[in-house]
Amino acid sequence: MLAKLHTFSLVGLHAHEVQVEVDISPSEDSKIVLVGLPDAAIRESTSRMRRAIVNSGFFYPDSGVITINLAPAGLRKQASSFDLPITLGVLAAMGQIDLSILERFAVVGELSLEGSTRSVRGCLSMAIAASKHPHLDGILVPGVNAYEASVVENLQVMAVDSLAQAVAYCTGDLLMERVPGTATQLLSQQRDYELDYSDVRGQEMAKRAMTIAAAGGHNILMVGPPGSGKTMLAKRLPSILPNLTGAESIETTQVYSVLGRLPSNASLVAHRPFRAPHHTISDAGMAGGGSIPMPGEISMAHNGVLFLDELPEFSRRTLEVLRQPLEDNRITISRASGATSFPANIMLIAAMNPCPCGFKNHPKKQCTCLDAQVDKYLATVSGPLLDRIDIHIEVPAVPIEDLSDSKNGTPSASMRKQIQMAREWQVNRFDRRAHNLNAQMQAAEVRDFCQLTQDAKQSLEAAVNKLGFSARAHDKILRVARTIADLAGTETVEHEHIKEAVNYRLLDRQYLSRCHTVN
């Protein structure tokens, strides 16, 4: 008897349909033949399947050849989510259950030896694929993945905690209700952030730069001595960013689901990610990789913040992998078998000292670094990468008067209010376009939407001629100036907006001109 079920296999962030075909033929020997390019985890599923059937109280034959085909044969399959569909297929092929009730359902799930279900990676991607399939109405998932799958609209999600429960559902002995959708409720309950910019004393100019960066989605580099507040400023950025939209939340959750980083019984990532990898991270850890490519830190920061503290301490090769995602908002990993793309719509925040000891140009402490040491330290940050960072600011040491002041600094709520206003301008400006942030404007859009007054044009030309900005830096200045104008509520970009935006590029010359000469 031949049994067929629908399931899915992950390729990158997306799930591809796989049909599980099980056939049992008589033989004196007991043998299992598994074909269809399975990986090691799937090949081991046959052992889990046998013990789960027996320990759940069902019959398993002592003889016969069980042939299991995973179609299409040319697609390489991975993960343990095939346990449950293979086991149900074997039971149906032996005539112990009828699969007609699952004709329009996909089945995913890992099994323990006692027959209970375990969570699978990428359940959300599989649920999304099932909702788009013309011949599927729902998906059968482990109980711990139920809420994750339930965020997909127009899809019946059935949750089972064991093989016995799945069989009872197939035979009609157990009536189950679909898991209710939870996406709207979760997004409406997004939690407040514990960290607030009111904790940061002084550094009001740096907070202004962070407001501009958050308003326009700009990348930012902070340069200053140890203890000046760079990390505090970075960690509080999510507190002023707008809440995740439903689409953004699902995209971000897909990344964490595929990596198996989504907590049990969780359904959505409801707040913007903040990732701060250590400077010893490899380029594969940053970008993603593996024989079967998986997302890295860049994609885990999708729709959120990637914070690189002590930027020059990262290897240059690791930093260079940032160049593509900062431009394209996607990162592509190529292998001999093909290329896989992962989302990478991130805000990059980088922090660094002005020199190895950290006290170059410090008003009270003496720098002990030689010029050659400073050059080597700064040379890690390449000119092309620096060009892709919109805002460069100096974060000086905080005076003791500011630290001892009992008055709180500017709170996140005040900054967030300004940012929401500027974001509304951008949403109206980029209506029906692929993006809605000034930082993501293409060259033609920069010309269309950055209308400069005559004084602003002259100011920009003088700055470019004097400081030698690249063409990319020129456009970055215009994008930042556009955001400053949005915060001011003006349609045109004026002289003071260009002047402030140029000031945020002065570290090109002040700190890194020598580095570029070395390169």
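Residues numbered from 1 in each chain as written. Predicted model: local features only at pLDDT ≥ 70, side-chain atom pairs only at ≥ 80, totals over all residues. Heavy atoms only, no water.

**Brief notes about the overall build of the protein chain**
Moving on, step 1. Scanning the protein chain for helices and strands turns up 23 helices and 18 strands.
Moving on, step 2. The 519 residues of the protein chain split such that 54% are buried.
Moving on, step 3. Considering only contacts within the protein chain whose residues lie at least 6 apart along the sequence, 75% involve residues at least 24 apart.
Moving on, step 4. Put simply, the protein chain has 51 plus and 55 minus side-chain charges, and the middle of one group is 6 Å from the middle of the other. (Helix = DSSP H or I, 4+ residues; strand = E, 2+ residues; numbered from the N terminus. Buried < 20%, exposed > 50% of the residue type's maximum accessible area, 1.4 Å probe, protein only. Contact = heavy atoms within 4.5 Å. Lys, Arg positive; Asp, Glu negative; His and termini not counted. Charge placed at Lys NZ, Arg CZ, Asp CG, Glu CD.)

**What about the nonpolar core?**
Moving on, step 1. Ranked by internal contacts, the top residues of the largest apolar core, which has 67 residues, are Leu306 and Leu308.
Moving on, step 2. Other than its neighbours up to four places away in sequence, leucine 308 contacts Pro277, Met286, Phe314, Leu319, Leu322, Leu348, Ile349, Ala350 and Ala351. (Core = buried A, V, L, I, M, F, W, Y, C linked by side-chain atoms within 4.5 Å.)

**Describing helix α21 (residues 471–488)**
Moving on, step 1. With 18 residues, α21 ought to run about 26 Å at 1.5 Å a step, and its terminal C-alpha atoms sit 26 Å apart, in line with that.
Moving on, step 2. Among the 18 residues in α21, 14 count as buried, and that is most of the element.
Moving on, step 3. Following α21 by one or two positions, glycine 489 adopts a phi angle in the positive range, close to 80°. (Expected span 1.5 Å × (residues − 1).)

**Topic: the side chain of serine 412**
Moving on, step 1. Here serine 412 shows up in helix α18 (residues 412–429).
Moving on, step 2. With a relative accessible area of 3%, serine 412 lands in the buried category.
Moving on, step 3. Residue contacts for serine 412: discarding those within four places in its chain leaves Leu195, Asp196, Tyr197, Ser198, Ser239 and Ile240.

**Quick look at the confidence of the model for the protein chain**
Detail in the predicted coordinates should be disregarded across regions flagged by low pLDDT.
Moving on, step 1. For the protein chain, the mean per-residue pLDDT works out to 90, and 95% of the residues sit at or above 70.
Moving on, step 2. In the model, residues 514–519 has pLDDT below 50 throughout and makes 14 contacts with residues more than four positions away in sequence or in other chains. (pLDDT = per-residue confidence, 0-100.)

**Overview of the packing of helix α20 (residues 454–467) against helix α22 (residues 495–503)**
Moving on, step 1. The interhelical angle for the contact between α20 and α22, taken along N-to-C directions, is 20°, at an axis separation of 8 Å. Considered as vectors, α20 and α22 are oriented roughly parallel to each other. In the packing of α20 onto α22, the handedness of the crossing is right-handed. On the side of α20, the interface is formed by Asp455, Ala456, Ser459, Leu460, Ala463 and Leu467, while α22 contributes His495, Ile498 and Val502.
Moving on, step 2. When grouped by side-chain class, the residues that make up the contact of α20 with α22 number six nonpolar, two polar and one charged. (Axes fitted to C-alpha atoms, helices over the stretch in contact; angles between N-to-C directions. Parallel < 35°, antiparallel > 145°, perpendicular 65-115°, else oblique. Left-handed = near helix turned anticlockwise from the far one by under 90°. Nonpolar A, V, L, I, M, F, W, Y, C, P; charged D, E, K, R; others polar.)

**Looking at helix α3 (residues 83–93)**
Moving on, step 1. Counting buried residues in α3 gives eleven out of eleven residues, a clear majority hidden from the surface.
Moving on, step 2. Along α3, the residues classified as buried are Asp83, Leu84, Pro85, Ile86, Thr87, Leu88, Gly89, Val90, Leu91, Ala92 and Ala93.
Moving on, step 3. Downstream of α3 by one or two residues, glycine 95 has phi in the positive range, about 85°.

**Brief notes about the sheet that holds strand β14 (residues 305–308)**
Moving on, step 1. Strand order in the open sheet formed by five strands is β11-β14-β17-β10-β18, with parallel pairing between adjacent strands. This sheet does not close on itself; its edge strands, each paired only once, are β11 (274–275) and β18 (391–394).
Moving on, step 2. In this sheet, strand β17 (residues 347–352) lies alongside β14 in parallel orientation, the contact comprising four bridges. Considered in β17, the bridge of leucine 308 is made with alanine 350. (Pairing = 2+ DSSP bridges.)

**Brief notes about the state of the cysteines**
Moving on, step 1. Under the counting rule described, the total for this entry stands at zero disulfides.
Moving on, step 2. Not engaged in a disulfide, the cysteine cysteine 123 finds its nearest cysteine sulfur in cysteine 170; these two sulfurs lie 17 Å apart.
Moving on, step 3. Cysteine cysteine 355 shares no disulfide, and the gap to the nearest cysteine sulfur, in cysteine 357, comes to 3.5 Å.
Moving on, step 4. Classification of cysteine 355 as buried rests on a relative accessible area of 0%. (Disulfide = S-S within 2.5 Å.)

**Some details on the pattern of salt bridges**
Moving on, step 1. Applying the stated criterion across every chain yields a total of 16 salt bridges.
Moving on, step 2. Residue glutamate 297 is joined to arginine 275 by a salt bridge in which the shortest nitrogen-to-oxygen separation is 2.8 Å. In this pair, glutamate 297 is assigned in helix α12 (residues 297–300) and arginine 275 in strand β11, connecting sequence segments 22 residues apart.
Moving on, step 3. For the salt bridge of aspartate 486 with arginine 482, the shortest nitrogen-to-oxygen distance reads 3.1 Å. Placement of both aspartate 486 and arginine 482 in helix α21 is noted, with a separation of four residues, approximately one turn of the helix.
Moving on, step 4. Residues joined by salt bridges that share partners form a network here, namely Glu327, Arg388 and Arg472. (Salt bridge = Lys/Arg side-chain N within 4 Å of Asp/Glu carboxyl O.)

**Remarks on the pairing of strand β1 (residues 2–11)**
Moving on, step 1. Burial of β1 is extensive: seven of the ten residues sit out of reach of the surface.
Moving on, step 2. When β1 meets strand β2 (residues 14–25), the two strands line up antiparallel, connected through ten bridges. Bridging across to β2, leucine 2 finds its partner in aspartate 23.
Moving on, step 3. Hairpin connection from β1 to β2: two residues lie between these consecutive antiparallel strands, with glycine 12 at a positive phi of about 70°.

**Describing the packing of aromatic side chains**
Moving on, step 1. The tally for this structure, following the rule as stated, stands at two aromatic pairs.
Moving on, step 2. Summarising the aromatic geometry, the rings of phenylalanine 274 and phenylalanine 307 are spaced 6.0 Å apart at their centres and angled 35° between planes, so their arrangement reads as tilted. Residue phenylalanine 274 is located in strand β11, and its partner phenylalanine 307 is located in strand β14; the two are separated by 33 residues in the primary sequence.
Moving on, step 3. Of the residues examined, phenylalanine 307 reaches a relative accessible area of 3% and is grouped as buried.
Moving on, step 4. On the numbers, 5.4 Å between centres and 90° between planes, the contact of phenylalanine 430 with phenylalanine 449 is edge-to-face. With phenylalanine 430 in the loop between α18 and α19 (443–449) and phenylalanine 449 in helix α19, this residue pair connects regions lying 19 residues apart in the sequence.
Moving on, step 5. By relative accessible area, which is 18% here, phenylalanine 449 ends up buried.
Moving on, step 6. A cation sits over an aromatic face here: arginine 429 above phenylalanine 430, 5.7 Å from the ring centre. (Phe/Tyr/Trp six-rings, centres within 6.5 Å; stacked < 30°, edge-to-face > 60°. Lys NZ or Arg CZ within 6 Å of the ring centre and 35° of its normal.)

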